[in-house]
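Here's the letter readout for the chains.
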Amino acid sequence: MANARAIVITGNGTNCEMEAAHACRLGGFDETVIAHISDLLTGEIRLDDFHFLNLTGGFLDGDDLGSAKAQANRLRYAKVDDLAEHLIDQLTRFIDDGKLILGVCNGFQLMVKMGLLPAFDGQYLQQNATLTFNDCGRFQDRWVYLKVDQASPSVYTKGVEKGLYLPIRHGEGKFVADSAATIDRIEAQHLGVFRYSDAAYGAPTMEFPLNPNGSTNAIAALCNETGRLMGMMPHPEAFVHRTHHPRWTREELSEEGDGLVLFKNAADFVRENLL
Amino acid sequence: MARRIEIALKEGGRDARGERVRREIEHFLHVPATQVRTIDVYTVDAGLAEDELVKAASEPLSDPVIQTWSIDQPLAKGFDFLVEVGLRPGVTDNVGRTAREAIEYITGRPFAVGEGVYTSVQYLLSGTMAKSDVERIARDLLCNTLIQRFVILDAVEFAAQNGVPVSVPKVTGETRAQVREIDLDVADEELLRISKEGVLALTLDEMKVIQAHYRDPAVLAERKKVGLTGLPTDAELEAIAQTWSEHCKHKIFSGNIEYIDENGNREEIKSLFKSFIQQTTKDVREALGERDFCLSVFKDNAGVIKFNDDLSLVFKVETHNSPTALDPYGGALTGIVGVNRDPFGTGKGARLAFNTDVFCFASPFYEKPLPSRLLHPRRIYEGVVEGVEHGGNKSGIPTVNGSLVFDDRFAGKPLVFCGTAGIMPAEIGGEPSHVKHINPGDLIVMTGGRIGKDGIHGATFSSEELNENSPVTAVQIGDPITQKRMTDFLIRARDKGLYNFITDNGAGGLSSSVGEMATECGGCRMDLSKAPLKYPGLDPWEILISEAQERMSLAVPPEKLDEFLAMAKRFGVEASVLGEFTDSGIFHIMYGGRTVAYLPISFLHGGLPPMEMRGVWEVKRHEEPAFAVKGDYTADLKELLGSLNICSKESVVRRYDHEVQGGSVVKPFTGVANDGPSDAAVIRPVLDSFEGVVVAHGICPRYSDIDTYHMTANAIDEGLRNYVAVGGSLDLVAGLDNFCWCDPVKSEKTPDGEYKMAQLVRSNKALYDYCVAYGIPLISGKDSMKNDFYDGAVKISIPPTLLFSVIGKIEDARKAVTMDVKRPGDIVYLLGKTGNELGGSEYFALRGFIGNSVPKVNVAKAFPRYRALHRAITDGLVASCHDLSDGGLAVALAEKAFAGGYGIDVDLGRVLWMGEKAEKSDAALLFSESASRHLVTVRPDKRDAFESVMSGNCFSSIGVVTAEGTVSVTGLAGTTVVREAINELKEAWQSPLREL
């Protein structure tokens, strides 16, 4: 039987590769590889051999030109040694093959700035939105309630009833679109998968610190129309066991953390559709 | 011709950076700025075609959704004044480096030598202000003129010259590779002048030892063979000065001290380090016997202990005080990325698992006049917090534990303690990972950043007090991404066995790193002309001692070299072969074909005679306050909760990523609203295991005003009791000592040096006494001995400060306990006795007193109690546990209650008392800081089991957790002496630093 294979790209300032890979394994992937970007650029590792691509958290190139900007540029222009293609060609093929990409935090910033999200009508590589400095002007590490949009096409959120409780850890997480039309379309198509909300997952909120960055319409996560590409500012890989929860010593919690469901759904999707 | 690319926010876009600057202008400088907007400027000094420039501006350098760009067209408009701030030539420009790489990806060709991208930021100020106000804004807020420069234009000037003129902050100069010789055959005053003017920080005695070396005919003959005269070269003198600096050699800790106690008893101490610190570890290890878990102590960049059979734990804490005083952001950033390299350069190299930070500042609200050259404490606070934030967050290392300590004497020198722990496999390639060796013939390889003039004389400069002429080049700016790339690469190279030895390039640069490595095999030959430079114009001595950041030095066996270099290239890491290790006995440095330094290793590392010092102790009596007895202490408690040393530091802590790497178990904040202060951190370094690392610390400089012996005892006890509070095991726990002292050597500048030295001796004695008693081996540490400011008129000395860091293990992290009360009805126990020990307390400090009755640690009582508490925690009998420290019982009660969201009722009559009955009072029971106490809550159904585990120890049940959200304390007379709602107490605790 074929294996469900996940890849986590690291290098140049990616920081969450260990826990992202751990979450993939717990989620049910048979194989998970942490690949340094140089492994991809030398052609030693190819995206084609995987089903689930994790673009995870960190500070790519120090976020020096704005979060993830330099990596977006690198992925666009860098050639793969020994192969007659750019890395972006592999990435486009990966998407066309119906495979999954999850961008978390810096990975979400990267996806949005490369144009992988929202990518209306499959127009990948055209940027319509961005993630910019938090309204509070500071990096924040705090936990947030994320109300799920049940009607979203995301393949990752099956079984999420009300929402998830996860940490955010970013300075540039404020979601902004290029136009009202873009926002309207995101709303109409239910692409805003998670929104910052009150503790009961009742209503989206613009209030700090529940909404830690001032995102438009409290959007914390975004998927494309196929639901296979998703990006989110909160860190699902940071809550896969109850001891990750900030109040685990005082609340009755299940053994598994809220974030794990996203990885389980990804593995299930791969098994059902890609193997 | 250089081109200016400007990036501005689109109309109506929110400018968070500008808003912050506007608030700061108003808050600090009281200038009414109505608006501040910002523009990013990239000055591109490279041969680019027009379409390449457009691509650069429109793609990587700007965000089309929120920004606009222009080339050679100023975007600024609608302002009263414009300030553009850029870096001075040669200062590390991280953003410029990233921009350059981005452009190289676009063009597909590397920049030519001398080409570069330089960044600056424009601040567009609106409001009623004079040019002199803007000067002040630029100088005191926007720009640190040590490393940055600025241009101010008003709207008229701006229009007249069509924007800000292009300027390229490129280092110009040519490499002449000059080597000077210095004549040491001179009079003593001349020797001293050479040392002083060269920032060598060598004493007359040391200069004379060097003079004698060069007079030795045998030395002369040897030197002749390699073409050198009998005069030392600048490179040699600099290398000796670095190696012998207080910073590198710890002369005070290794010198001879005559100590005289308060009764006139004399004692000869040969090396504080050997007599107390090393001896502690030796004695503890002997006592541990089979259970000894120390693997590598005091000999490497960090200490190594066993975590389990498969993994070793590495830990180091450093300080970076002097550079931080000059440039808080760069100094602190370099502090954190610098200490990262210590565990990384320990043994064969450790993966970095977490950081700890402790800062000591003067009040950010300080309002008294400061001597020139000293930055305002608020600026230091802001800069340090941001520097460590960038250093830690960008490196992907969680900051899990720390403190902010305030005392106005830290205006003279802020203290920035940065710690980093790492994890490494116990064995790599079949050999213990904490052991490394060098074979003659191994190649000297340097990886990472390039060498510039940054950080020249850092080691010697920090070995002197801060003064008006402290060198600018002593400041460096760290680059976490260059370092992260290097560590990503080196960890892989380690696992492939591509090198034999690794160490950090820190203080003293190559002269120290390669110099120390050369002692491993008995010599080296290194060619400085092979070292990659940031820009031309460095003389060999500068290359040798530059402290430019992000560099590791390695010994690579010749047969592995090709693979090592090829892998470095793939990872985008620069690696250069600088020479080879030998067994010649000589530290032999070349520049091209010419020898520039030829120093016998025996002389370089063994030639320094021990310093002779004297310490005389006297007991100082402080005024003992006599406060009237009060009927109600609620206001006192709230005032204490709002004092800087006790209040919440959440606004700072939330800026640090404490969860990256996915192993967070006990976070800095806990409780029902995630805002109660944890005692210690627990993390799981291996994600599929529940074995945890526990880290905590103790620091209490206020007690030094009474007696550094007890200051030290309390710091050790505080570190350990924090550690025990969350569930740390007493079978695997180690300590690290960081001494930050004011100059303790008597001299003209330090007439009270003998007292300060006695303080140091007493601190060391306590370190030995209490660590041995608690069975805590010291595994590493550091001292920083010149934390004074002196400008000829004003002298500010910091209070002697010991940071005691504690690291150890919790076998099952799922057993960890947090400090917040869990449910109404739980019984509140106070473990340990309380005495009239208000000397040096926060309570006295609030009223401007020091007092005399400093808390004393009783290990014989505390240690068995800690063991029993650990047993109770492991057995699951403890619902919550909080240590008592600053502010005593009252503060601990309040914190526990509001963190848990429930009230507490306690009766002071049930608190166990030690000492004279007559001294027992509500105030002492509430606010005394007696050591070794914990406040614990236990479910009623666990009461018997808990009491049975604790039996034989001093503890008493003093009250109960209540559903009503009020802290209520009954005094000795039976009346209520404290009563307040928990949300009021929390507000008092949270408000002081909330907005910083």
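The structure we're discussing is the one just above.
Residues numbered from 1 in each chain as written. Chains lettered and ligands numbered in written order. Predicted model: local features only at pLDDT ≥ 70, side-chain atom pairs only at ≥ 80, totals over all residues. Heavy atoms only, no water.

Let us look at the overall build of chain B. Scanning chain B for helices and strands turns up 31 helices and 43 strands. For chain B, whose C-alpha radius of gyration is 29 Å, the value lies close to the compact-globule estimate of 30 Å for 996 residues. C-alpha atoms of chain B, sized along the principal axes, occupy 85 × 75 × 60 Å. The burial tally for chain B puts 65% of its 996 residues in the buried class. For chain B, contacts bridging at least 24 residues in sequence account for 81% of all contacts bridging at least 6. For chain B, the accessible area works out to roughly 33500 Å², and carbon and sulfur atoms hold 50% of it. (Helix = DSSP H or I, 4+ residues; strand = E, 2+ residues; numbered from the N terminus. Rg over C-alpha atoms; globule rule 2.2 N^0.38 Å. Buried < 20%, exposed > 50% of the residue type's maximum accessible area, 1.4 Å probe, protein only. Contact = heavy atoms within 4.5 Å. Areas by Shrake-Rupley, 256 points an atom, 1.4 Å probe, with all protein chains shown as cover.)

A complete count under the given rule lists 95 salt bridges over all chains for this structure. Measuring nitrogen to oxygen at the nearest pair gives 3.6 Å for the salt bridge that ties A:Glu44 to B:Arg570. With A:Glu44 in the loop between α2 (37-41) and β3 (52-55) and B:Arg570 in helix α20 (residues 561-570), this residue pair bridges two chains. Salt-bridge contacts for A:Asp121 lead to A:Arg185; the nearest nitrogen and oxygen are separated by 2.7 Å. Taken together, the positions of A:Asp121 in the loop between α5 (106-114) and β5 (129-132) and A:Arg185 in helix α6 (residues 180-188) put the pair 64 residues apart, joining distant regions of the chain. On the basis of relative accessible area, A:Arg185 is assigned to the partly exposed category, the value being 29%. Overlapping salt bridges, with partners in common, bring together B:Arg20, B:Glu24, B:Glu386, B:Glu389 and B:Arg655 in one network. (Salt bridge = Lys/Arg side-chain N within 4 Å of Asp/Glu carboxyl O.)

This part covers helix α4 (residues 131-142) of chain B. All names here are of chain B. Every buried residue of α4 is accounted for by Val-134, Ile-137, Ala-138, Leu-141 and Leu-142. The buried residues of α4 all sit within an arc of 115° when viewed along its axis, so they share a single face. Close packing links the buried residues of α4 with α1 (16-29), β4 (81-87), β5 (116-127), β6 (148-154) and α15 (377-395). (Arc of directions from axis to C-beta.)

Across the boundary between the two partners, chain B contributes 67 residues, which contact 62 residues of chain A. Summing both sides of the interface, chain B and chain A together bury roughly 5400 Å²; the carbon and sulfur share of this comes to 50%. Our count for the chain B to chain A interface comes out at 10 salt bridges. Between A:Asp64 and B:Lys394 there is a salt bridge, with the nearest N and O atoms lying 3.9 Å from each other. Counting residues per element, the ones that place at least two in the side of chain B that touches chain A are α1, α3 (94-107), α15, α17 (480-495), β25 (664-666) and α28 (888-900) of chain B. (Buried area = accessible area lost by both parts, 1.4 Å probe.)

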